[in-house]
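Each chain, written out:
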Amino acid sequence: MKIVLAEKVSPATLAVFQQEPGWQIVTPDQIKNGLAAELSDADALVVRSAVQADAKLLESAPKLRVIGRAGVGVDNIDTDAATHRGIVVMNTPGANAVAVAELTLGLMISLARAIPRANSTMHAGKWDKKSLQGQELRGKTLGIVGLGRIGLEVARRAASFGMNIIGYDPFVAPVIARENNVTLVPIDDIFKASDYLTLHVGLTTQTEGLINSTSIKIMKKGIRIINCARGELIVEQALADAIKSGHVGGAALDVFHQEPLKESPFYNLDNVILSPHIAGATDEAQEAIGIQLAMQVRDYLKLGVVQNAVNLPSLSHEEYKEIAPYIEMADRLGQFLAHATPGNLENIQISYTGRIAAGKTDLIRNAAIAGIFSSADGGSTANRINAAAIAAERGIRIQEDKKEFTPGGAGSVLKIVLHSSDGDASASATVLHGNSPRLLSYDGIDIEAPLHGTLVAIRNHDVPGVVGRIGTILGEQSVNIANFALGRAHSNHSQRVPHGQALAVVQIDVPKASSATAAVDALRRVEAIASVRLIELGKL
Ligand SMILES: NC(=O)C1=CN([C@@H]2O[C@H](COP(=O)(O)OP(=O)(O)OC[C@H]3O[C@@H](n4cnc5c(N)ncnc54)[C@H](O)[C@@H]3O)[C@@H](O)[C@H]2O)C=CC1
Ligand SMILES: O=C(O)C(=O)COP(=O)(O)O
């Protein structure tokens, strides 16, 4: 595996990767011919906030499977482009929340007490006590926009200063706000009532330019604004103008539209404190982030475990462990069904029943689609990250339905129906014995067969002697049978399979499916066999 660390990360990050025998780790100082060239054979890319992982850069990374963001904000990563290329993007939520909250409080106190000016005047040999009388935070109103991991850490600390805390976050439960002494209010009330306003939201189309000349107009005179989130949340010129006019009493900014900051309307404004995007940069946060991210990236590359992905729903290690066998089963069921079903695909219907229906199913869905595509076109680039996006691109509709409770306690069952130009085909499967995927039905015929190894799916007329002849022909071709499963069509069961037909799914012991083609050709000549297909699913 080749891991490219495009930005400075903690030594602990490297240590995790270095423990993996044979892994090549490229540090920022070893990147000599540009990042694009380095990525040509890389499996993983690790970035912080400076590198722009855009669509163009990703084009030069044909093998890339994962982008690790050592931190929270992923606005420097084109996640859509990554998803289309089947690349997981993962970050480390929460690992720097305390670091950012502490700097935010530090900046608030610095604004209230003019600490930077006190320091610079002293170093200049001045004793400027008279001009340095400040205010207390106690009793002031703090408005927090974004009550996520950082916003709540700020709220907890601000409460200990005796501040009144109001917050705006459309996605936070009122109980969480209440538990943290935050009164939820509409955004305009935040602007009108805050003495201090601090931003803790990610950069999205909704939050970009949140602080602009219109919102500033309704703000309380003298308000102080702290931004440790993203520069683009503020229209910089509008804020600079409001500070110059005295409407805004001061600002403390850690993040900017252009980083590193080269020129700025805030330069030389007395009551503006600037820091170079250091809110998350503490020893503790960087150590925690580095270890967490390196382990996530390693586990994905080695085991396929997806944790803290931003282009897939986040799964904990425990959640992943529980659904992993169903992900594999979905892939195999998709492969089986696509192999066994001719015709141009128009629509894929996926039904989840039982326990799996209660959990997160996106990875199961994507695995099923990837399995279908891998069989349908040999050179498919669909994988468990991008399969749904690729289906959408190809105009194939995906329908999903879930039934958590089933009569009879049938356990977790996945059913796929393919609607193609030649009609519908369906199959269902479950997982037995912890990790063994089993086919439960095909085209309305109940059966119980393993979904691994090399399978021969045979549709035959339900007449005496056929099964014996199948066994004889396979034996004549020196093909050993590992498992022989039988099922028969019942009336009303399937429109596609006429009554009087039966299904045999034979698992055969062959090193490669191609070595069994002679046996399959021989089977095709048996009159009572309607169709026969060879399906290679691979070992488990
Ligand atoms: N300066 C620095 O070094 C750092 C900056 N950050 C920035 O801080 C941001 C927040 O980080 P976390 O708290 O860890 O993320 P988080 O995801 O835990 O919290 C974000 C909160 O914003 C809320 N939100 C989303 N849209 C909103 C909207 N339109 N209005 C109000 N609230 C909205 C969400 O519901 C969520 O509760 C990150 O996205 C990142 O951009 C994060 C870490 C370090
Ligand atoms: O975690 C975040 O979102 C940050 O902004 C931290 O950025 P950094 O990793 O220090 O460049």
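The notes below deal with the structure included here. It should be emphasised that the depicted structure is a prediction, and the values quoted were computed from it without experimental measurement. (Residues numbered from 1 in each chain as written. Chains lettered and ligands numbered in written order. Predicted model: local features only at pLDDT ≥ 70, side-chain atom pairs only at ≥ 80, totals over all residues. Heavy atoms only, no water.)

## Observations concerning the packing of aromatic side chains
Then step 1. Within this structure, the stated rule accounts for two aromatic pairs.
Then step 2. Where Phe336 meets Tyr442, the ring centres are 5.5 Å apart and the plane angle is 90 degrees; that geometry is what we call edge-to-face. Taken as a pair, Phe336 in helix H13 (residues 317-340) and Tyr442 in strand E17 (residues 436-442) lie far apart in primary sequence, 106 residues in all.
Then step 3. Residue class for Tyr442 comes out buried when judged on its relative accessible area of 3%.
Then step 4. A cation over an aromatic ring shows up here: Lys402 above the ring of Tyr352, its NZ or CZ 5.6 Å from the ring centre. (Phe/Tyr/Trp six-rings, centres within 6.5 Å; stacked < 30°, edge-to-face > 60°. Helix = DSSP H or I, 4+ residues; strand = E, 2+ residues; numbered from the N terminus. Buried < 20%, exposed > 50% of the residue type's maximum accessible area, 1.4 Å probe, protein only. Lys NZ or Arg CZ within 6 Å of the ring centre and 35° of its normal.)

## What to know about the site of ligand 1
Then step 1. Residues in contact with ligand 1 amount to 24 residues; listed here are only the nearest, Arg149, Ile150, Asp169, Cys228 and Asp254.
Then step 2. Measuring from an oxygen atom of ligand 1, one finds a backbone N or O atom of Gly148 at 3.3 Å.
Then step 3. In the environment of ligand 1, an oxygen atom lies 2.9 Å from a nitrogen or oxygen atom belonging to the backbone of Ile150.
Then step 4. Calculation on ligand 1 without its partners gives an accessible area of 860 Å², and the protein chains cover 84% of this total. (Near = heavy atom within 4 Å. Polar contact = N/O pair within 3.5 Å; in protein donor to acceptor, adjacent residues only side chain to side chain. Areas by Shrake-Rupley, 256 points an atom, 1.4 Å probe, with all protein chains shown as cover.)

## Some thoughts on the site of ligand 2
Then step 1. Around ligand 2, the neighbouring residues are Arg48, Ser49, Arg69, Ala70, Gly71, Val72, Gly73, Asn96, Arg230 and His277.
Then step 2. The contact in question runs from an oxygen atom of ligand 2 to an N or O atom on the side chain of Arg48, over 2.8 Å.
Then step 3. The contact in question runs from an oxygen atom of ligand 2 to an N or O atom on the side chain of His277, over 2.7 Å.
Then step 4. Across the complex, the protein chains shield 90% of the 320 Å² of accessible surface that ligand 2 would expose by itself.
Then step 5. Grouping the amino acids of the shell around ligand 2 by side-chain chemistry returns two nonpolar, five polar and three charged. (Nonpolar A, V, L, I, M, F, W, Y, C, P; charged D, E, K, R; others polar.)

## Describing the packing of helix H17 (residues 466-476) against helix H18 (residues 517-524)
Then step 1. Contact geometry of H17 with H18 gives a least axis separation of 9 Å together with a crossing angle of 145 degrees. Along this stretch, H17 crosses H18, giving a crossing that reads as right-handed. Residues Ile470, Ile473 and Leu474 of H17 form the contact with H18, whose own contacting residues are Ala519, Ala522 and Leu523.
Then step 2. By residue class, the composition of the contact of H17 with H18 is six nonpolar, no polar and no charged. (Axes fitted to C-alpha atoms, helices over the stretch in contact; angles between N-to-C directions. Left-handed = near helix turned anticlockwise from the far one by under 90°. Contact = heavy atoms within 4.5 Å.)

## A short note on a negative patch on the surface
Then step 1. A cluster of acidic residues, Glu102, Asp283, Glu284 and Glu287, forms a negative patch on the protein surface.
Then step 2. Ranked by residue count, the leading element in the negative patch is helix H12 (residues 283-303), at three residues.
Then step 3. Position of Glu287 relative to the elements: it lies in helix H12.
Then step 4. By relative accessible area, Glu287 is classed as partly exposed at 40%. (Patch = residues over 30% accessible without salt bridge, like charges linked within 9 Å, V, L, I, M, F, W, Y side chains within 5 Å. Salt bridge = Lys/Arg side-chain N within 4 Å of Asp/Glu carboxyl O. Lys, Arg positive; Asp, Glu negative; His and termini not counted. Charge placed at Lys NZ, Arg CZ, Asp CG, Glu CD.)

## Points about the pattern of salt bridges
Opposite charge on two side chains makes pairing possible when the charged atoms of those side chains draw close.
Then step 1. Using the criterion set out here, one finds 22 salt bridges in the structure.
Then step 2. Across the pair Asp41 and Lys2 runs a salt bridge whose closest N-O atoms are separated by 2.7 Å. Placement of Asp41 in the loop between helix H2 (35-38) and strand E3 (44-47) and of Lys2 in strand E1 (residues 2-5) is noted, with a sequence separation of 39 residues between them.
Then step 3. The class for Lys2 is buried, based on a relative accessible area of 6%.
Then step 4. When the shortest N-O distance is used, the salt bridge between Asp331 and Arg384 registers 2.9 Å. One end of the pair, Asp331, is in helix H13; the other, Arg384, is in the loop between helix H15 (362-376) and helix H16 (387-393), with 53 residues separating them in the sequence.
Then step 5. Looking at Arg384, the relative accessible area reads 27%, which means it is partly exposed.
Then step 6. Each of Glu328, Asp331, Arg332 and Arg384 takes part in a single network of salt bridges with overlapping partners.

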